[in-house]
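# Structural characterization, general
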Amino acid sequence: MEPPEVLLENCDAVYDFYRDHRQNRLKAWGAYALLSRRWFPRVGYAAGAREALHRLIAERRPLLIAINHLSENDPYTVAAAAWRSELRRVIGRVRVLAKDELFLEPEQRRKIDMMGGIPVFRGKDHGLRAVNAAGQRMMDICAERIVRGDGLAVFPEGTCNEVDPTQVQPVGSGIGHIAFRAAKLGVEPALVSMGLSYGPRADPTVQPTKEQAKSASFYFGVPITELPTRPAEIARLVRTDLQQALDGAVAAY
């Protein structure tokens, strides 16, 4: 199936494509490995987190990975951290939500598709009413992918934090709806919070330099295997759990 153009007015075709799209796992492994040679994040774990994550992956439990969002460099540092962590074993089986504009340039789209991207049409870019139907389709597709065994990585804040990089900003209910819909289909993902810090910054509106980004600090919280039953409650849990992971990343920087 030919990849459709990623445009809001074409969202039905877009999500039909990403319902079944499969990345080349060997190429994904190569790309993640290469990024780990260019970016050098440090990876830490809460007590028992590494063992619990190892066990969940061995059991083929789908993971819902939540990461706080600080800069445009995050996809690179996250990929490098995944390679250097327990997540290496699920590379090629994790989908990654990414804003639709990243899929417009053909070569960039090829790379994002290879890394497991699924486009998101954001209300801040197109208007909340305009993206409602596309958002519903996106959440359904993500839930279906989880049910089929894929993990899902999300920046649940939805945009870069330019307020306070030590505090998780409000989390939208989208991540809760995805987990809720997957559970209704019979599969409950395990929540894995992955805190990210680039160290102290005097002005949070200024992006970290590439050198700062290269030395990012990541911290995994203990996976949560039983989630609340309501989307809003799941979203609140994500924010609380991700804040704890972020605190660990800040302390370890």
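These notes cover the structure that comes with them. Computed from a predicted structure; not experimentally measured. (Residues numbered from 1 in each chain as written. Predicted model: local features only at pLDDT ≥ 70, side-chain atom pairs only at ≥ 80, totals over all residues. Heavy atoms only, no water.)

In terms of nonpolar packing, the biggest core is built from 40 residues, with Y15, L97, F121, M138, L152 and I178 touching the most fellow members. Every element with two or more residues in this core is listed here: α1 (11-20), β2 (63-67), β3 (94-99), β4 (117-120), α7 (128-147), β5 (151-154), α8 (174-184) and α10 (231-252). Top contributing element to this core by residue count: α7, with 8 residues. If we skip the residues at most four places from it in the chain, Y15 touches I118, P119, V120, F121, A134, R137, M138 and I141. In terms of nonpolar packing, the next biggest core, distinct from the first, is built from 39 residues, Y32, A33, F155 and V192 among them. (Core = buried A, V, L, I, M, F, W, Y, C linked by side-chain atoms within 4.5 Å. Buried < 20%, exposed > 50% of the residue type's maximum accessible area, 1.4 Å probe, protein only. Helix = DSSP H or I, 4+ residues; strand = E, 2+ residues; numbered from the N terminus. Contact = heavy atoms within 4.5 Å.)

One simple way to see leftover space: roll a probe sized like a water molecule over the atoms. One pass over the structure, following the stated rule, counts 1 cavity of 30 Å³ or more. Lining the largest cavity are I57, R60, R61, P62, L63, V90, R93, V94, G149, D150 and G151. Here the lining of the largest cavity is built from residues that sort into 5 nonpolar, 2 polar and 4 charged. (1 Å grid on protein atoms, 1.4 Å probe; cavity = no way out; pocket = protein on both sides within 12 Å on 5 of 7 lines; lining within 4 Å. Points joined across faces, edges and corners; volume = space filled by probe spheres on them. Nonpolar A, V, L, I, M, F, W, Y, C, P; charged D, E, K, R; others polar.)

Attention now moves to the pairing of β3. Most of β3 is tucked away: 5 of the 6 residues are buried. Where β3 meets β5, 3 bridges bridge the pair, whose relative direction is parallel. Residue pairing in the sheet places V96 in a bridge with A153 of β5. For the crossover from β3 across helix α5 (residues 106-114) to β4, the handedness is right-handed. (Pairing = 2+ DSSP bridges. Right-handed = clockwise from strand over helix to strand, strands pointing away.)

With that settled, the discussion passes to the packing of helix α2 (residues 25-38) against helix α4 (residues 74-83). Between two packed helices, both the angle of their axes relative to each other and the distance between the axes serve to describe the pair. Between α2 and α4, the least distance of the axes is 8 Å, while the angle of their chain directions is 100°. By the angle between their axes, α2 is roughly perpendicular relative to α4. Listed contacts from α4 to W29, Y32, A33, L35 and S36 of α2 are Y76, A79, A80, A82 and W83. Partitioning the contact of α2 with α4 into residue classes produces 9 nonpolar, 1 polar and no charged. (Axes fitted to C-alpha atoms, helices over the stretch in contact; angles between N-to-C directions. Parallel < 35°, antiparallel > 145°, perpendicular 65-115°, else oblique.)

As for its placement among the helices and strands, L70 is situated in the loop between β2 and α4. Spatially, the C-alpha atom of L70 lies 8.5 Å from that of P208, the residues being 138 residues apart in sequence. If we skip the residues at most four places from it in the chain, L70 touches C160, N161, P165, L196, S197, Y198, R201 and Q207.

Moving on to the sheet that holds β4. One open sheet accounts for 7 strands, arranged β1-β7-β6-β2-β5-β3-β4; its pairing is mixed. Looking along the sheet, the strands with just one partner apiece sit at the ends: β1 (42-45) and β4. Ignoring which end each strand starts from, the neighbouring axes of this sheet average 25° apart. Bridge count between β1 and strand β7 (residues 217-220): 4 bridges; the pairing is parallel. Paired with V43 across the bridge in β7 is F218.

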